[in-house]
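Per-entry structural report
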Amino acid sequence: MRYSGFKVIKEALTGHKGWTPAWRDPAPQADYDIVIIGGGGHGLATAYYLAKQFGGKRIAVLEKGWIGGGNVGRNTTIIRSNYLLDGNEPFYEFSLKLWEGLEQDFNFNAMISQRGILNLIHTDAQRDAFIRRGNAMMLNGADAELLSVAQIRARYPFMNFDNARFPIKGGLAQHRGGTVRHDAVAWGYARGADARGVDIIQNCEVTGFRIENGICKGVETSRGFIGASKVGCAVAGSSGRLMAKAGMRLPIESHVLQAFVSEGLKPVMPGVVTFGAGHFYCSQSDKGGLVFGGDIDGYNSYAQRGNLPVVEDVVESGMALFPMLGRVRLLRMWGGIMDMSMDGSPIIDRTHIGGLYFNGGWCYGGFKATPASGWCFAHLLARDEPHPVATAYRFDRFEKGRMIDEKSMGAQPNLH
């Protein structure tokens, strides 16, 4: 079924009796050409592009829970490509370009809103760094504009300009950045992959790998053994636990990242704003809630809940930037499990085990990378070579000293 405005009108007039399920609920087959572990955004996007762009057949996505129940439904919905380093900026710009045509591509309303993102500047040194970042963005084909205080005040008059502990001295804007409805991304990719013959198997937990003579022959699951010529792993914060079943120890730690949403308000935030003097970011959802977050919790955890010190830190940063937040009630909060790599950048690579491939270590950047991650992982699985914009995302970069440290913070995951 193809969605359209005409279809919506027709179903409204005929009692909504013509809608069909967005994707099938198939039983797993005995074997597949390619099995993708993880039914989040990255896993579903990989399956979609494998089938659509690379002619893949007999593909399955295995999800231990339900589609949209993991990090893809637990984030703050921001998309952008305002990166500095050559290893990152081409990749994220590729992703942003895919976002721009995604709804037409998979025929699903993902509520993509390019409302712009603004990174605030609070010191002279920070201005110099952001000028360099903006130049790097433009050299890689992305858009960037340095805004004055007057320009920012005209757009966000409610910010603390006159009595701020961290004075606002300008900002770096990417007008093509914005937000996307997170779970709609999962649903759209699932529907598109299913329409191209991909089996999406929910409630199917992978419990082990069958490895013979250094080659992965398939996976053991809660629904029996499933053979595969190639197995791709894309399970975000559960990467360490999953790959341990294959005898691998990853250069990744799992941390909790909390996010928050306020009660619904009339439109007050025209775009996405990030605080330059602390890790705080905020946007307004289409329902009216202010969506915001900050740093990861400083300890390792697989729990999808956080702790009060981080809540306090995030709210303090928000109040420093937007004093009006003190009048707003918090509606809810949640936590997602972040797979934090040692340099803050992801990994899309083959493992030392034949037929076993890995996609993870996305830190804070996982959601915005969804289309490019899926495309590049599909490219790797189909052709056994990295995509041109993902050549730096190798396991061996830590061994060879080719880290992609966007923040220049060192090899410690909680610093990224």
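None of these values were measured; they are calculated from a predicted model.

1. A few points about the overall build of the protein
A count of helices and strands for the protein gives 11 helices and 18 strands. Here the protein holds 416 residues, and 54% of them are scored as buried. If you take every contact in the protein between residues at least 6 apart in sequence, the share linking residues at least 24 apart comes to 75%. In the structure as shown, the protein presents an accessible area of about 17,900 Å², 52% of it carried by carbon and sulfur atoms.

2. Here we look at the environment of V389
Its location among the elements puts V389 in the loop between α10 (370-383) and α11 (397-400). A C-alpha to C-alpha distance of 21 Å links V389 and V235, two positions 154 residues apart in sequence. Contact partners of V389, with chain neighbours within four places excluded, come to G87, P90, F91, F94 and C376.

3. What to know about unusual backbone geometry
For H16, which is not a glycine, the phi torsion comes out positive at approximately 55°. Secondary-structure assignment places H16 in the loop between α1 (5-13) and β1 (31-37). Positive phi outside glycine occurs at C363, with the angle close to 55°. Here C363 is to be found in the loop between β18 (356-360) and α10.

4. Here we look at the sheet that holds strand β14 (residues 281-284)
Within the open sheet, the eight strands sit side by side as β5-β6-β4-β13-β14-β15-β12-β16. Their pairing is mixed. Sheet topology places β5 (145-147) and β16 (330-341) at the edges, where each strand pairs with a single neighbour. Adjacent strand axes in the sheet meet at a mean angle of 25°, parallel and antiparallel pairs treated alike. Here six bridges tie strand β12 (residues 252-264) to strand β15 (residues 289-300), and the two strands are oriented antiparallel to one another. Its bridge partner lying in β15, V261 is registered against V291. Strands in contact with helix α5 (residues 124-139) are β4 (117-121), β5 and β6 (170-174); relative to β4, the strand with the most contacts, it is inclined by about 150°. Contacts between helix α9 (residues 308-321) and the sheet are confined to β4, β12, β13 (272-274), β15 and β16, with β15 contributing the most and set at about 140° to the helix.

5. Side note on the side chain of Q284
Note on placement: Q284 falls in strand β14. Judged by its relative accessible area of 5%, Q284 falls in the buried class. There is a polar contact of 2.9 Å between the side chain of Q284 and the backbone oxygen of G288.

6. Examining the pattern of salt bridges
Here the structure, examined in full by the defined rule, presents 22 salt bridges. Here R394 ties to D349 by a salt bridge, and the two come within 3.3 Å at their closest N and O atoms. Residue R394 is found in the loop between α10 and α11, and its partner D349 is found in strand β17 (residues 347-350); the two are separated by 45 residues along the sequence. A relative accessible area of 33% means that R394 is categorised as partly exposed. When salt bridges with common partners are traced through the structure, they connect E93, E100, D143 and R176 into a single cluster.

7. Some remarks on the pairing of β15
Bridging between β14 and β15 involves four bridges; their strand directions are antiparallel. Each bridged residue has a counterpart across the sheet, and for Q284 the counterpart in β15 is L290.

8. Observations regarding the nonpolar core
Where a protein is soluble and globular, its nonpolar side chains tend to be buried together. Core analysis: the largest hydrophobic core is formed by 51 residues, its most contacted members being L44, Y49, F91, W99, Y189, V198 and I348. Broken down by secondary-structure element, the contributors of at least two residues to this core are β1, α2 (41-53), β2 (59-62), α3 (89-100), α4 (102-106), α7 (182-195) and α10. Counting residues in each nonpolar core, the second largest holds 26 residues, with C216, L242, L250 and I252 among its members.

9. Re a nonpolar patch on the surface
Taken together, the side chains of M1, V8 and W19 make up a nonpolar region of the molecular surface, amounting to roughly 270 Å² of accessible area. In this structure, W19 sits in the loop between α1 and β1.

10. Re the packing of aromatic side chains
Summed over all chains, the structure comprises 24 aromatic pairs. For the pair F166 and F275, a centre-to-centre distance of 6.0 Å together with 75° between the ring planes defines the contact as edge-to-face. Here F166 is found in the loop between α6 (149-155) and β6, whereas its partner F275 is found in the loop between β13 and β14, with 109 residues between them in sequence. With a relative accessible area of 32%, F166 lands in the partly exposed category. Relative to F292, the ring of F260 lies with its centre 5.5 Å away and its plane at 15°, an arrangement referred to as stacked. A residue pair is termed long-range when its members are at least 10 positions apart, and F260 in strand β12 and F292 in strand β15 qualify at 32 residues. There is no split in this pair, since F260 and F292 are both buried. Through a chain of ring-to-ring contacts, the aromatic side chains of Y3, W19, Y48, Y49, F54, F94, F106, F108, Y189 and W375 assemble into a single cluster.

11. Quick notes on the layout of surface pockets
Empty space within the second largest pocket amounts to approximately 520 Å³. Elements supplying a minimum of two residues to the lining of the second largest pocket: α7, β12, β14, β15 and β16. Per-element accounting of the lining of the second largest pocket gives the leading share, four residues, to β12. Per-class residue counts for the lining of the second largest pocket are six nonpolar, 12 polar and eight charged.

12. A closer look at the side chain of T76
In this fold, T76 is placed in the loop between β2 and β3 (78-79). Sequence-distant contacts of T76, that is, excluding residues within four places in its chain, are made with A259, Y281, V291 and F292.

Rules of the game
- Residues numbered from 1 in each chain as written.
- Predicted model: local features only at pLDDT ≥ 70, side-chain atom pairs only at ≥ 80, totals over all residues.
- Heavy atoms only, no water.
- Helix = DSSP H or I, 4+ residues; strand = E, 2+ residues; numbered from the N terminus.
- Buried < 20%, exposed > 50% of the residue type's maximum accessible area, 1.4 Å probe, protein only.
- Contact = heavy atoms within 4.5 Å.
- Areas by Shrake-Rupley, 256 points an atom, 1.4 Å probe, with all protein chains shown as cover.
- Pairing = 2+ DSSP bridges.
- Axes fitted to C-alpha atoms, helices over the stretch in contact; angles between N-to-C directions.
- Polar contact = N/O pair within 3.5 Å; in protein donor to acceptor, adjacent residues only side chain to side chain.
- Salt bridge = Lys/Arg side-chain N within 4 Å of Asp/Glu carboxyl O.
- Core = buried A, V, L, I, M, F, W, Y, C linked by side-chain atoms within 4.5 Å.
- Patch = residues over 30% accessible without salt bridge, like charges linked within 9 Å, V, L, I, M, F, W, Y side chains within 5 Å.
- Phe/Tyr/Trp six-rings, centres within 6.5 Å; stacked < 30°, edge-to-face > 60°.
- 1 Å grid on protein atoms, 1.4 Å probe; cavity = no way out; pocket = protein on both sides within 12 Å on 5 of 7 lines; lining within 4 Å.
- Points joined across faces, edges and corners; volume = space filled by probe spheres on them.
- Nonpolar A, V, L, I, M, F, W, Y, C, P; charged D, E, K, R; others polar.

Keep in mind these values describe shape, not function.
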